[in-house]
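An overview of the molecular structure
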Amino acid sequence: MSIALDALILLTGWTHVLLAPYTKVEESFSLHATHDVLMYGVAPSDLHNYDHFTFPGAVPRTFIGSVVLAWLSIPVIRLAAWMGYVATKFELQIIVRLVLATLNALSLCVMRRGVSKRFGRTTGLFFALLTCSQFHLPFWMGRTIPNMFALIPVNTATSLLLTRAPNSTRPSDTSITWVIALLTSSAVIFRAEIALLLAPLCLELLVGRQITLVRLLKLGIVSGVSSLALTVCVDSYFWDTYPLWPEFSGIYFNIIQGKSSQWGTSPASTYVTSYLPKLLLGALPLAGVGVVSDGRVRALLTPAAVFVALISGLGHKEWRFVVYVVPVFNVAAARGAKWMVSRRKGSLWGRLCFLATSALIAGNVLATILFTRASMGNYPGGHALAQFHHLYPFGSTSPPPHIHISNLAAQTGASLFLHLHSPPHFFPSPSSPSWTYNKTEIPLPSLSPRITHVLSEELLSGGKWRVVEAVRAFGGFKVDWELLRGGDRGRLLERVGAGEVVGMMEKDGVWILERS
């Protein structure tokens, strides 16, 4: 059973990667950094080719996650190529994302085993079912945002806190050492907000006399200084700026200068009233049951709850800033689910508890199916560039296409891995003249005469361009309210199964245009 549950977590992450293989702008820095490490290498003479010198973004980000991901992906890429599964650079993107999803899945598997040891196998089973039936965490754990790199050590740290006997009153000293080291390193290297999770955890350890203040300070200083030295050395090299600490640059830009407000602000209650319910779905009410029914859950969840309260004080809010607490809430929910299904089945209360737990997990699955289907249509740029390659086979046009990739297309999937017919190439490529992929931000009316094709979110007037194809994108959900209000009740279940009650609308997303 244990291996089967681990396989379920792994396959869930892989499935989301394969169903939605394209990426968005949030993922672009780390994805393109991984691309450049794979394609060019890391020698000083190759760094000038890297994409981040042309498109640096608002603040610098660390290369550490991308370098490790690229190096871990190389043997997988070579094995897949030997087996005949790699035909283009796009397959490399899928492999890179599968490797990242695997790392996150493995951290969840280790965490699940810790849950089973601490709370019992039934709780471990529910942890796996709740995690796999949710949308956001499985969908994003193969996506190259910094939070998904940081989630791996955060989950590992949580598993160290969990992996102990059911009646144990404290983790081992070794576990505490590694927990503090992992969370400190994650905050210094990947995401500074993890410090807001580390602080209440350290306070809890101090109040519980599980660590002394002197030892805590020693661990924090050693972990922090060594992590700082690593990120400054690595990232100063890749950014050619000395010294550079990317996470401090982010703190200075977003908090000290207050620039994060340019991306919008939300009320202090947003995480509790909006983001956490979306992230947790049916696990949220079950987590409440777990908190009430087991003191061990309360001790585990306290730092996560304080973290959410602390980060709520920042004006700019995004769900990914609190994604680290989702697995911990799932532990609480799994314990609550175990309590619910353990009620005596012979009583009405016991049967209701069992049905409610089953309904919450089934609701997770239905919501995830809808969200996944919608998200598959949220990458018109990737679909458009893939369709362009299908419409214009390599070597079939003369001169070779010069494609302008507009802002929306670049933000919704047209990554460097989809520049199939231009260098660099991981494997030897055909000798035909290479194509030009141009993603500079140029006003569309001012496009150079050399540009032969455009992937555009708007139609260009003036008769200079003809529409080759319109790539459709997700346009929202539609609900047949008349049917739900009572029309054709006899066919209601049949039409629900056919997807006729709740359907997905589409709209024109990106146009493929050719110069007339």
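Residues numbered from 1 in each chain as written. Predicted model: local features only at pLDDT ≥ 70, side-chain atom pairs only at ≥ 80, totals over all residues. Heavy atoms only, no water.

**With respect to the overall build of the protein chain**
Check the secondary structure of the protein chain and you find 20 helices and five strands. The globule rule puts the C-alpha radius of gyration for 516 residues at 24 Å, and the 25 Å found for the protein chain is close to it. Along the first, second and third principal axes, the C-alpha atoms of the protein chain reach 75 × 70 × 50 Å. For the protein chain, with 516 residues in total, the buried portion stands at 50%. A sequence separation of at least 24 residues applies to 81% of the contacts in the protein chain between residues at least 6 apart. Taken as a whole, the protein chain presents about 23400 Å² of accessible surface, with 64% of it coming from carbon and sulfur. (Helix = DSSP H or I, 4+ residues; strand = E, 2+ residues; numbered from the N terminus. Rg over C-alpha atoms; globule rule 2.2 N^0.38 Å. Buried < 20%, exposed > 50% of the residue type's maximum accessible area, 1.4 Å probe, protein only. Contact = heavy atoms within 4.5 Å. Areas by Shrake-Rupley, 256 points an atom, 1.4 Å probe, with all protein chains shown as cover.)

**Section: the environment of Pro285**
Looking at the element boundaries, Pro285 is found in helix α13 (residues 283-293). Judged by relative accessible area, Pro285 falls into the partly exposed class, the value being 45%. C-alpha separation for the pair Pro285 and Ala337, spaced 52 residues apart in sequence, amounts to 9.7 Å.

**Some words on the packing of aromatic side chains**
Under the definition given, this model contains 25 aromatic pairs. Three or more aromatic residues joined by ring pairs make a cluster, and in this case those are Phe29, Tyr40, Tyr50, Phe63, Tyr237, Phe238 and Trp239. Lying across the ring of Tyr379, Lys24 places its NZ or CZ 5.6 Å from the centre. In this structure, Arg343 packs its charged tip against the face of Trp339, placed 4.1 Å from the ring centre. (Phe/Tyr/Trp six-rings, centres within 6.5 Å; stacked < 30°, edge-to-face > 60°. Lys NZ or Arg CZ within 6 Å of the ring centre and 35° of its normal.)

**Quick look at the sheet that holds strand β1 (residues 402-405)**
The five strands lie next to each other as β2-β1-β3-β5-β4, forming an open sheet whose pairing is mixed. Of all the strands in the sheet, the pair left with one neighbour each is β2 (436-438) and β4 (465-479). Between one strand and the next, the sheet's axes are offset by a mean angle of 20°, whatever the strand orientation. Judged from the 13 bridges that link them, β4 and strand β5 (residues 502-515) form a sheet pairing that is antiparallel. Bridged to Arg472 within β5 is Asp508. (Pairing = 2+ DSSP bridges. Axes fitted to C-alpha atoms, helices over the stretch in contact; angles between N-to-C directions.)

**Topic: the environment of Thr177**
Relative to the helices and strands, Thr177 is located in helix α8 (residues 173-189). In the structure, Thr177 is positioned 156 residues away from Ala333 in sequence and 27 Å away in space, judged by C-alpha atoms. Contact partners of Thr177, with chain neighbours within four places excluded, come to Arg215 and Leu219.

**Focus: the pattern of salt bridges**
One pass over the structure, following the stated rule, counts 13 salt bridges. Arg113 serves as the salt-bridge partner of Asp6, at 2.5 Å between the closest nitrogen and oxygen. Remark: Arg113 occurs in helix α4 (residues 89-119) and Asp6 occurs in helix α1 (residues 2-19); sequence separation between them is 107 residues. The exposure class assigned to Arg113 is partly exposed, which follows from its relative accessible area of 42%. Between Asp294 and Arg335 there is a salt bridge; the shortest N-O distance is 2.8 Å. You can see Asp294 sitting in the loop between α13 and α14 (295-311) and its partner Arg335 sitting in helix α15 (residues 326-341), a full 41 residues away along the chain. For the pair Asp294 and Arg335, a shared accessibility class is recorded, and that class is buried. Taken together, the shared-partner salt bridges in this structure form one network comprising Asp6, Arg112 and Arg113. (Salt bridge = Lys/Arg side-chain N within 4 Å of Asp/Glu carboxyl O.)

**Considering unusual backbone geometry**
For the bond running from Tyr242 to Pro243, omega is -15°, close enough to zero to count as cis. Examined against the element boundaries, Pro243 turns out to sit in the loop between α10 (213-239) and α11 (246-256). Here the amide bond leading from Pro423 into Pro424 is cis, since omega sits at 5°, within 30 degrees of zero. Along the chain, Pro424 falls in the loop between α18 (407-411) and β2.

**A short note on a nonpolar patch on the surface**
A contiguous nonpolar patch, built from Trp245, Phe248, Tyr252, Ile255, Ile256 and Leu314 and spanning about 560 Å² of accessible area, is present on the exposed surface. Turning to its location among the elements, Tyr252 is positioned in helix α11. Residue Tyr252 is classed as partly exposed on the basis of its relative accessible area of 40%. (Patch = residues over 30% accessible without salt bridge, like charges linked within 9 Å, V, L, I, M, F, W, Y side chains within 5 Å.)

**Quick word on α8**
For α8, which comprises 17 residues, the first-to-last C-alpha distance of 24 Å matches the rise-based estimate of 24 Å (1.5 Å per residue) to within 8%. Where α8 is concerned, the buried positions are Ser175, Ile176, Val179, Ile180, Ala181, Leu183, Thr184, Ser186, Ala187, Val188 and Ile189. (Expected span 1.5 Å × (residues − 1).)

**Observations regarding the side chain of Thr412**
Within the secondary structure, Thr412 is located in the loop between α18 and β2. Judged by its relative accessible area of 8%, Thr412 is buried. At 2.9 Å, the side chain of Thr412 forms a polar contact with the backbone nitrogen of Gly381. Within the local environment of Thr412, its side chain forms a polar contact with the backbone oxygen of Leu408, the two atoms lying 2.7 Å apart. In contact with Thr412, other than residues within four places in its own chain, are Thr23, Lys24, Asn378, Tyr379, Pro380, Gly381 and Gly382. (Polar contact = N/O pair within 3.5 Å; in protein donor to acceptor, adjacent residues only side chain to side chain.)

**A closer look at the side chain of Arg164**
For Arg164, the location among the structural elements is in the loop between α7 (146-162) and α8. Although Arg164 lies buried, it forms no salt bridge, and the closest oppositely charged side chain, Glu204, sits 7.7 Å away as judged by the N-O distance. Side-chain polar atoms of Arg164 contact the backbone oxygen of Ser168, separated by 3.3 Å. Setting aside residues no more than four positions away along its own chain, Arg164 makes contact with Lys117, Arg118, Thr169, Arg170 and Pro171. (Lys, Arg positive; Asp, Glu negative; His and termini not counted.)

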